Amino acid sequence: MTLNFRAVILGTVFDIGGSFIAFNIVSGFYLAMMHAGGASKEDLEALIGNPSDAFELMAILMGVGIAFDGLAGYLTAKMAGFLEYWHVLAMWGLLTVLQLALSSGVGEGDAVSLPSYVVVVGYVGGLIAAFTGAYLFKKSKRRSP
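Everything numeric in this text was worked out from a predicted model, so none of it was measured.

**Q** Which residues make up helix H5 (residues 116-143), and what values do they have?
**A** The end-to-end C-alpha separation of H5 is 40 Å, in line with the 40 Å expected for 28 residues at 1.5 Å each. By the burial criterion, the buried members of H5 are Val-118, Gly-125, Gly-126, Ala-129, Ala-130, Gly-133, Ala-134 and Phe-137.

Next up, the structure:
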């Protein structure tokens, strides 16, 4: 059997697109809350320039990203209908290649350096979440007649 590449590509696009939109919304709310709390314009500009300075924001963004990885794993498994874990593995491989390609194309002056724990937790947590999403789909598929 061959893999359903539409499911793999759809899961990858859903993960990247959904994470990007959610990151912007969450960051906007976080900055609005900081502004309402009396943060200065310089503090807000510094946070926009390097969001990894705020641990709370990075933790929230990692959680949102990992949640979208889980949803993408569920969606990929549901679209595939067979060999769900292999489809999720292919989706995760494509996602990793795209993320590495997008992050390496940034110029040195524009790059935001992320702490290594963010990268490790993001990749490991996202991989676990994606396979958990596929597991939840397979589990629900077994129960339904």
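**Q** Kindly report on the nonpolar core, identifying the contributing residues and their values.
**A** Counting residues in each nonpolar core, the largest one holds 10 residues, listed as Val-8, Ala-72, Ala-77, Val-88, Met-91, Trp-92, Leu-95, Ala-130, Ala-134 and Phe-137. Counting only elements with at least two residues in this core, the list comes to helix H3 (55-80), helix H4 (84-104) and H5. For this core, the element with the most residues is H4, which contributes four residues. Residues within four places of Trp-92 in sequence aside, it is in contact with Asp-69, Gly-122, Tyr-123, Gly-126, Leu-127 and Ala-130.

**Q** Would you mind going over unusual backbone geometry in detail, with residue names and values included?
**A** In this structure, Leu-83 is a non-glycine residue whose phi angle is positive, near 45°. Among the secondary structure elements, Leu-83 is positioned in the loop between H3 and H4.

**Q** Let's hear about H3: which residues, and what values?
**A** End to end, H3 covers 37 Å across 26 residues, agreeing with the expected 38 Å (1.5 Å per residue, within 8%). Where H3 ends, the next residue or the one after it, Gly-81, has phi of about 80°, a positive value.

**Q** Lay out the packing of aromatic side chains with the relevant residues and their values.
**A** For any pair of aromatic rings, the description rests on two quantities: the centre-to-centre distance and the angle between the ring planes. Across all of its chains, the model carries five aromatic pairs by this definition. Centroid distance Phe-14 to Phe-68: 5.7 Å. Interplanar angle 45°. Geometry classified as tilted. Taken together, the residues span a long stretch of sequence, with Phe-14 in helix H1 (residues 5-36) and Phe-68 in helix H3 at a distance of 54 residues. On the basis of relative accessibility, which here comes to 31%, the residue Phe-14 falls in the partly exposed class. Pairing Tyr-85 with Phe-131 gives two aromatic rings, centres 6.1 Å apart and planes at 40°, and the pair type is tilted. Of this pair, Tyr-85 sits in helix H4 while Phe-131 is found in helix H5, placing the two residues 46 residues apart along the sequence. Residue Tyr-85 is classed as partly exposed on the basis of its relative accessible area, which comes to 31%.

**Q** How would you explain the packing of H1 against helix H2 (residues 41-49) if you had to name every residue and give the values?
**A** Here H1 crosses H2 at 160°, and the two axes come no closer than 10 Å. Relative to H2, the element H1 is oriented roughly antiparallel. The element H1 and its partner H2 pack so that their crossing is right-handed. Contacts between H1 and H2 pair Tyr-30, Leu-31, Met-34 and His-35 from the former with Leu-44, Leu-47 and Ile-48 from the latter.

Rules of the game
- Residues numbered from 1 in each chain as written.
- Predicted model: local features only at pLDDT ≥ 70, side-chain atom pairs only at ≥ 80, totals over all residues.
- Heavy atoms only, no water.
- Helix = DSSP H or I, 4+ residues; strand = E, 2+ residues; numbered from the N terminus.
- Expected span 1.5 Å × (residues − 1).
- Buried < 20%, exposed > 50% of the residue type's maximum accessible area, 1.4 Å probe, protein only.
- Core = buried A, V, L, I, M, F, W, Y, C linked by side-chain atoms within 4.5 Å.
- Contact = heavy atoms within 4.5 Å.
- Phe/Tyr/Trp six-rings, centres within 6.5 Å; stacked < 30°, edge-to-face > 60°.
- Axes fitted to C-alpha atoms, helices over the stretch in contact; angles between N-to-C directions.
- Parallel < 35°, antiparallel > 145°, perpendicular 65-115°, else oblique.
- Left-handed = near helix turned anticlockwise from the far one by under 90°.

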